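A look at the structure
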Amino acid sequence: MRARQDARASEGPAVVTTAADAAAAPAEAAPASGPRRPEDPIILCESVEKWFGDFQALAGITTSVREREVVVILGPSGSGKSTFIRTLNRLEEHDAGRIVIDGIELNDDLRNLDAIRSEVGMVFQQFNLFPHLSVLRNVALAPQKVRRVPRAEAEERARELLERVGIPEQAEKFPGQLSGGQQQRVAIARALAMQPKIMLFDEPTSALDPEMIKEVLDVMRELALSGMTMLVITHEMGFAREVADRLLFFDEGRIVEEGTVEHFFTNPQEERTKLFLSQIL
Amino acid sequence: MAAQASAPRVDGRVRRPWSVRARRWAHDNLFGDAWNAALTVVTALLLVAGVLLLARFVFRTADWTVIETNRRLLTIGRYPAGEEWRLWPPLWALLGVGGLSFGLWIPLGVRGYAVAAGVTAFLYLLLLEGNNAALFGVGVALAVAVYAGTRAWVVGSRAEPRVRVAAIVGMALLLPLVVLMLQLGDGVRTSLWSGFLLNVTLATVGIALGFPLGVMLALGRASSYPVIRWTATGYIEVVRAGPLVAWLFMARFVLPDFLPPVAGLDELDIVARAMLVLAGFTGAYVAEVVRGGLQSLPRGQFEAAQAVGLNALQTTWLIVLPQALRAVIPALVSQFISLWKDTTLVFALGLIELLGAGEATLSQTDFIGREKEVLAFVALAFWAIAFGMSRLSLRVERTLSVGAS
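Residues numbered from 1 in each chain as written. Chains lettered and ligands numbered in written order. Predicted model: local features only at pLDDT ≥ 70, side-chain atom pairs only at ≥ 80, totals over all residues. Heavy atoms only, no water.

**A short note on the packing of helix α10 (residues 195-221) of chain B against helix α14 (residues 270-295) of chain B**
All names here are of chain B.
- Where α10 contacts α14, the axes come no closer than 5 Å and their chain directions differ by 40°. In terms of axis orientation, α10 runs oblique to α14. Where α10 crosses over α14, the two elements pack in a sense that is right-handed.
- Classifying every residue of the contact of α10 with α14 gives 20 nonpolar, seven polar and three charged. (Axes fitted to C-alpha atoms, helices over the stretch in contact; angles between N-to-C directions. Helix = DSSP H or I, 4+ residues; strand = E, 2+ residues; numbered from the N terminus. Parallel < 35°, antiparallel > 145°, perpendicular 65-115°, else oblique. Left-handed = near helix turned anticlockwise from the far one by under 90°. Nonpolar A, V, L, I, M, F, W, Y, C, P; charged D, E, K, R; others polar.)

**Considering the packing of aromatic side chains**
- Here the structure, examined in full by the defined rule, presents 12 aromatic pairs over all chains.
- Where Y113 of chain B meets Y147 of chain B, the ring centres are 6.4 Å apart and the plane angle is 85°; that geometry is what we call edge-to-face. Of the two residues, Y113 of chain B is situated in helix α7 (residues 110-127) and Y147 of chain B in helix α8 (residues 132-154); the sequence distance between them amounts to 34 residues.
- The ring of F130 of chain A carries R190 of chain A above its face, with NZ or CZ at 4.6 Å from the centroid.
- Over the ring of F265 of chain A we find R241 of chain A; its NZ or CZ atom is 4.1 Å from the centre of that ring. (Phe/Tyr/Trp six-rings, centres within 6.5 Å; stacked < 30°, edge-to-face > 60°. Lys NZ or Arg CZ within 6 Å of the ring centre and 35° of its normal.)

**Some thoughts on the sheet that holds strand β2 (residues 43-52) of chain A**
Residues and elements named next belong to chain A.
- The antiparallel open sheet is built from four strands, whose spatial order is β3-β2-β5-β6. Both outer strands of the open sheet, β3 (55-65) and β6 (104-105), are each paired with one neighbouring strand and no more.
- Bridge count for strand β5 (residues 96-101) against β6 is two bridges, and the pairing is antiparallel. When the sheet's bridge partners are listed, V100 is paired in β6 with E105.
- Each of β2, β3 and β5 touches helix α3 (residues 81-88); the most contacted strand, β3, lies at about 60° to it. (Pairing = 2+ DSSP bridges. Contact = heavy atoms within 4.5 Å.)

**Some remarks on the side chain of E160 of chain B**
- One can find E160 of chain B in helix α9 (residues 160-183).
- Apart from the residues lying within four places of it in its own chain, the contact partners of E160 of chain B are L104, V154 and V155 of chain B.

**Some remarks on the environment of S47 of chain A**
Residue and element names in this part refer to chain A.
- Position of S47 among the secondary structure elements: in strand β2.
- Assessed through its relative accessible area of 39%, S47 is described here as partly exposed.
- Distance from S47 to E257, taken between C-alpha atoms, is 16 Å for residues 210 residues apart in sequence.
- Not counting chain neighbours up to four residues away, the residues in contact with S47 comprise G60, I61, T62, A96 and G97. (Buried < 20%, exposed > 50% of the residue type's maximum accessible area, 1.4 Å probe, protein only.)

**Some words on the confidence of the model for chain B**
Residues and elements named next belong to chain B.
- Averaged over all residues, the pLDDT of chain B is 86; the fraction at 70 or higher stands at 94%.
- The secondary-structure element of chain B with the lowest mean pLDDT is helix α1 (residues 2-6), recorded at 47, while helix α11 (residues 226-241) shows the highest, at 95.
- Confidence estimates for the predicted assembly give a pTM of 0.81 and an ipTM of 0.84. (pLDDT = per-residue confidence, 0-100.)

**Remarks on α8 of chain B**
All names here are of chain B.
- Counted at 1.5 Å a residue, the expected span for α8 with its 23 residues is 33 Å, and the 31 Å between its end C-alpha atoms agrees.
- Within α8, the full set of buried residues consists of N132, A133, F136, G139, A143, Y147, G149, T150 and V154.
- On its buried face, α8 is in contact with α6 (88-105), α7 and α9.
- Following α8 by one or two positions, G156 has its phi on the positive side, about 90°. (Expected span 1.5 Å × (residues − 1).)

**Some words on the interface of chain B and chain A**
- Chain B puts 21 residues into the contact, and the matching count from chain A is 23 residues.
- Of the roughly 1,800 Å² buried where chain B meets chain A, counting both sides, 62% is carbon and sulfur surface.
- Contact with chain A buries surface across chain B, with E303, A307 and V308 of chain B losing the most and accounting together for 26% of the total.
- Counting across the interface, chain B meets chain A through one salt bridge.
- Put simply, E303 of chain B and R86 of chain A hold a salt bridge, and the shortest N to O gap is 2.6 Å.
- Between chain B and chain A we count six residue pairs in polar contact (both at pLDDT 80 or more) in total.
- The set of elements that each furnish at least two residues to the side of chain B that touches chain A consists of α15 (299-307) and α16 (312-327) of chain B.
- The element that contributes the greatest number of residues to the side of chain B that touches chain A is α15 of chain B, accounting for eight residues.
- In the side of chain B that touches chain A, the residues fall into 10 nonpolar, eight polar and three charged. (Buried area = accessible area lost by both parts, 1.4 Å probe. Salt bridge = Lys/Arg side-chain N within 4 Å of Asp/Glu carboxyl O. Polar contact = N/O pair within 3.5 Å; in protein donor to acceptor, adjacent residues only side chain to side chain.)

Encoded structure:
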């Protein structure tokens, strides 16, 4: 299907496991915090738990993501999928377990946090662009302030990114003047401006009108093909079928089932997965 | 038919002749139904009566010599003769920075020019004494030149960002400049600052210090550190619980006992005390206004800022405050207008500002019974500044709202 995927297929057998298998297998030779070997997963989660008051949002998430992998996360609302990807750049602090991103342990050490935030880009359902800044400034701001890139250089790079997401002509406009699809593409460009190694997408097309979903998915597809490591929460099964290397199905704060697209569409094992898939397909 | 033929054409269509449009407008806006028509007539009568009464007062019954004679008392009060030269450089600086700021941010329309001309003419009449006219003329010429130069050469040029920074620095330097000029060498004791000059100085200092204080208090109140949050909240609630006059009396009689006898703090200048109280009081109210703005920001803004790696300070400065403050400009200006009028309360400290100076003129034997003229003048002066602040804030709001959805 894709050269990239084929190349990876030769690295080893496609992972097809259920949560039970994953728990049984020893966490794949969990490396200690420190420089990551190329073959180690870029994201490593072990028994991650998160509570909101008395409500357990994450009840022990153990999984890992390899570099250049595209993982689509499915699940009913309230299943913890959004909370999960938000723990990966510490918009939510996990209460138990450990998370290692690119060899850096996520903990209270602020230097680690800064390092991780600059490696992990995030795209939100509601875009969350900065409405008081022009599109160009939205994209150029973080590299300039966080990475100390000179303004002219940051803006030139921002223009290239806007070109890449297909809206170079909107650079001087303000977010409020753009359509939802255009805003979400700016949001993607803004995240890419920090040159992240991982991109998190939290239902990026759920707030969009149907005719704008495609333009955003096109950008995400191009990104996936370019080799970006991506975690995507979405209900767009066509997109998942096309680009996902692996799917995770969340329910009640756990990964209930995990496998390839093929596995999910032809041979889901768990009742809850089947029920969910029958509802959204 | 003739009217039809001569009617102006717009987009190839014949516009309705003005007589038809006028009738239409009158019907839509004034005489829609019997009730509206009655309201229109009554309001019009009241309006005409009001204008006639006012005109009769201004041009017939009033005797403005009380104002003319006391121009000096009303504007600078007990400010010593022979020291006026100290006031001109700060005024020129103000006009220069003003011209620059308007040129950069608030280009004037036809109405803007009309208002500026009106204000200039009024001030000119007020100041016309000795060589004041010439000195004032220098300032006006400076403002006009800077404004025109900025519009012509700076706006849109490569230098614009740098000039903007210069303008902001200039504004920040104005206040120290005033104080310096007034105190330089064998300066004017602050207890002699009075009249309109005192109102303007107090309000400016009150805003210049109270605004940042308020922003810091609001941020403090929203802080996740309990000690900071409690301190800010405590300050705000205590200050707002007392009337301003009470705080001013406290500053006069109680404050010295609480200040350490270091560097003459316990004998703190009375005008400085007024400034501190006005700034501190305004700060508490500004804090609550700004807090409203902070709360109006969606959580997603903080999350997006964090996600791209901005730290807390950068998030506050670049993302949160610009949006929060923009959202509360009307309420902020309201607070500043309030402060402007509250400067009259410094009578509690024994200071003589414009209203007090007005009262003083009434004790002059020549002008006993001239309350109406004096009060009308004082009211006009306060209204002019308050209205100016209000219009200015509208302009700022419109300039800033570019692109905001």
